[in-house]
2 protein chains.
Amino acid sequence: MNDEAKVTGRGPAKADEPIEAERPTLKTIAFMAGLGVTTVSRALKDAPEIGQATKNRVRLIAKQIGYRPNRAGVRLRTGKTNVISLVLNAQSEIMGLTSNMVYGISEVLSNTPYHLTVTPYSAENDPMQPIRYIVETGSADGIIMSRTEPDDPRVRYLTEHGIPFATHGRTEMGIEHPYHDFDNETFADMATKSLLAKGRRRIAMMGGPSPAVTYFRHLQRGFLRAIEEGNATPIAVAGIDVDTALGTIRRKTEEVMSRPNRPDGIVCCSGSTAIALVAGIEAAGLKIGHDVDLVSKQTSDVLHWFRPEIIVVNEDIRHAGRQLAQAVLRRIEGADPRELQSLSYPF
Amino acid sequence: MNDEAKVTGRGPAKADEPIEAERPTLKTIAFMAGLGVTTVSRALKDAPEIGQATKNRVRLIAKQIGYRPNRAGVRLRTGKTNVISLVLNAQSEIMGLTSNMVYGISEVLSNTPYHLTVTPYSAENDPMQPIRYIVETGSADGIIMSRTEPDDPRVRYLTEHGIPFATHGRTEMGIEHPYHDFDNETFADMATKSLLAKGRRRIAMMGGPSPAVTYFRHLQRGFLRAIEEGNATPIAVAGIDVDTALGTIRRKTEEVMSRPNRPDGIVCCSGSTAIALVAGIEAAGLKIGHDVDLVSKQTSDVLHWFRPEIIVVNEDIRHAGRQLAQAVLRRIEGADPRELQSLSYPF
DNA sequence: TCCCAAACCTGAAACGTTACAGGTAGCCTA
DNA sequence: TAGGCTACCTGTAACGTTTCAGGTTTGGGA
């Protein structure tokens, strides 16, 4: 049977130190219950071969002494890390995106044994690098990532290696995988139409992502469709992306809005861009809602209270985080990826 | 000696599966080098009792086969988790704070074996709860936390338990611990003085934190000192904190700025608050830089390009993240906490 | 020639968990 | 009464690492 000394501590407590309670293990419970360690392990995970009375007894003791399974032990034995990794591009910080994503994911994870680790990579680095690291070292059970591209090497790699993951954004590579996306096509369509409805005819779209990212195409498609249906003129404005420095946006906007053939309506795809846009527009001596109308997507609630004249559409990133977390968790449990694909719609 | 089968795999690979390369362990290297596992372990950590030639040989093999220590093994044996935990209040999302903090910390951690996990807690919950969880389950080697209070129970608890940590913000409880803080007293002083220099005499301060948080006092002190020295009148405006909903701020500001005894200068302590303030001010029919002057601190670069009339002071949260990460790491190595205390200054 | 220390290297044990391959008691059936 | 089934429970081994307590060789000094 068990040796009591081994259960209660590593030796006699020194007189001048407080008796530090050892963290309880399965062995502690086994000793207290007069059972084998195996039985306790099984009882705690509700295995069918353990009697109900024993289970109750074990669970009572476990709760009383505050037993928590040692993650290192579990991980070493089973390979299960109980970690979800959020892989992020540190550059693309659309206002509040990272934080809301983190908080959304955490909300879901807080009721589970999973922890969240964040792995940012800098823009100069290969996006594959953190992914490979996680897979090679087996440091997470699931991955959440953003900046999804139509033909995304990360998606291919993870699928080949059978690692559960979910992407913020869709791909176009014929691989069914969990994702959550905002319906940017509908957003661009609706946004453009609302400008058309105000009589605007010379419309530009700004503040979208790099063309490499999938949702750039969605935006483009929705925008161009509405423009065409409305018989309006699309104004191309280069160099105002969501990753562009705000000072550059402001300057560029002022310049664009001073041209004779300036747009009279703007669809903006990000909140921080919108703020710099407004600054540029007003620096050019124009008035929002009079000379030009502005519709913008936002991922934090800043715009709402900034200029009531701006038509604001919310993309709820926190909700996206929740969806993505749910998706990876269910994928880890083996769910069909096609059931883990969701879209949110602009209202 | 070692059994080759044990080193190269768990059995013959099935014909229809690709030969999945097993992840190398110390045993793999030991077998390849014709050494004992112990020797390899020691060689890799540069122990003095291993010969130089052996070290070189072992390290070469390790590098060649891409050996990475198994974290679960290390953690189980030594108790070292190689994890730093960032504990955050999910409510207090000052614009971009969370993300910049995360990125700053990651920058430092990326050159170390440490991973970053994020543990948010909701405002309704006890701030001690996540801290206790981490300590009880031993799930991190170090903790970074914010919203530091003058008499902070978390600081007391962690100090008593000897867990390395660093706080964003100072305490006033006579415990020397690592921290990084922004010199909010100087900020408030400078900000107020710059308003005085513009001839403003009726000055309010808004957008600070909850009075429970330490830096509330710093702001107050700097503000009141400058007010007194300048023989100006402080205008008290209640209910416009950094955590207040922006809609509320906007409404309240409009109301305050419509009073006959309205402030003619405002010191604002957060960027998002400033945006809502401006909206309120302009809704009241006033013009920034004419009827009222505004100085604001910001933690993202939005304000800069928003209204040039606003005097902007930057608090670099990314830098704070770097400092805090450095501090915990050095604390883990046993450095004196008094050498891990730093302040950044408004320029 | 013998002994001893220094320089290197070693196997076994342990961390906490789960999987494997049983073991035992009690009871029912033939 | 034997055989066998069911319901519960058990010890041992293993995951990969580090620590402990040695072991072996080499070379130098007496």
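Remember, predicted model here, so these are calculated numbers, not experimental data.

A. Spotlight on the overall build of chain A. The helix and strand tally for chain A stands at 13 helices and 11 strands. Against the 2.2 N^0.38 benchmark of 20 Å for 347 residues, chain A shows a C-alpha radius of gyration of 27 Å, more extended than a compact globule. Considered along the principal axes of its C-alpha atoms, chain A spans approximately 90 × 50 × 35 Å. Scored against the burial criterion, the 347 residues of chain A give a buried share of 52%. A separation threshold of at least 6 residues defines the contact pool for chain A, and within that pool the share at least 24 residues apart is 66%. Accessible surface, chain A: about 16000 Å² in total, of which carbon and sulfur atoms supply 50%. Here chain A carries 42 positive and 41 negative side-chain charges, and the mean point of each set is 4 Å from the other.

B. Structural detail: the protein's contact with DNA strand D. In the neighbourhood of DNA strand D, 26 residues make up the surrounding shell, with Thr 39 and Thr 54 of chain A together with Ser 41, Tyr 67 and Arg 77 of chain B lying closest. Looking at DNA strand D alone, sugar and phosphate atoms form 60% of those within 4 Å of the protein. At 3.2 Å from a base oxygen of DNA strand D is found a side-chain nitrogen or oxygen belonging to Thr 38 of chain B. Residue Asn 70 of chain B places a main-chain N or O atom 3.1 Å away from a phosphate oxygen belonging to DNA strand D.

C. Inspection of the pattern of salt bridges at higher detail. All names here are of chain A. Inspection of every chain in the model, using the stated rule, returns 41 salt bridges over all chains. Ionic pairing is found between Asp 152 and Arg 154, a salt bridge with its closest N-O pair at 2.9 Å. Taken as a pair, Asp 152 and Arg 154 share a single burial class, namely buried. Here Glu 229 and Lys 193 are joined by a salt bridge, their closest N and O atoms 3.5 Å apart. You can see Glu 229 sitting in helix H10 (residues 214-229) and its partner Lys 193 sitting in helix H9 (residues 184-197), a full 36 residues away along the chain. Assessed through its relative accessible area of 54%, Glu 229 is described here as exposed. Residue classification places Lys 193 among the partly exposed positions, given a relative accessible area of 35%.

D. Region of interest: the protein's contact with DNA strand C. Around DNA strand C, a shell composed of 26 residues is seen, among which Ser 41, Lys 45, Tyr 67 and Arg 77 of chain A together with Thr 39 of chain B lie nearest. Sugar and phosphate atoms form 60% of the subset of DNA strand C atoms that lie within 4 Å of the protein. A distance of 2.7 Å separates a phosphate oxygen of DNA strand C from a polar backbone atom of Leu 26 of chain A. Separating a phosphate oxygen of DNA strand C from a side-chain N or O atom of Tyr 67 of chain A is a distance of 2.4 Å. When its residues are assigned to classes, the surface near DNA strand C shows eight nonpolar, 12 polar and six charged.

E. Structural context of the sheet that holds strand S10 (residues 311-314) of chain A. All names here are of chain A. Taken in spatial order, the five strands make up an open sheet running S7-S6-S8-S9-S10, and their pairing is parallel. Edge positions in the sheet fall to strand S7 (233-235) and S10, since each of these pairs with one other strand and no more. With strand direction ignored, the average angle separating the axes of adjacent strands in the sheet is 20°. Set on the sheet, H9 makes contact with strand S6 (202-206), strand S8 (265-268), strand S9 (293-298) and S10; between it and S9 the angle comes to about 160°. This element, H10, spans S6, S7, S8 and S9 of the sheet and lies at about 170° to S6.

Here is what the cut-offs are and how they apply
Residues numbered from 1 in each chain as written. Chains lettered and ligands numbered in written order. Predicted model: local features only at pLDDT ≥ 70, side-chain atom pairs only at ≥ 80, totals over all residues. Heavy atoms only, no water. Helix = DSSP H or I, 4+ residues; strand = E, 2+ residues; numbered from the N terminus. Rg over C-alpha atoms; globule rule 2.2 N^0.38 Å. Buried < 20%, exposed > 50% of the residue type's maximum accessible area, 1.4 Å probe, protein only. Contact = heavy atoms within 4.5 Å. Areas by Shrake-Rupley, 256 points an atom, 1.4 Å probe, with all protein chains shown as cover. Lys, Arg positive; Asp, Glu negative; His and termini not counted. Charge placed at Lys NZ, Arg CZ, Asp CG, Glu CD. Near = heavy atom within 4 Å. Polar contact = N/O pair within 3.5 Å; in protein donor to acceptor, adjacent residues only side chain to side chain. Salt bridge = Lys/Arg side-chain N within 4 Å of Asp/Glu carboxyl O. Nonpolar A, V, L, I, M, F, W, Y, C, P; charged D, E, K, R; others polar. Pairing = 2+ DSSP bridges. Axes fitted to C-alpha atoms, helices over the stretch in contact; angles between N-to-C directions.

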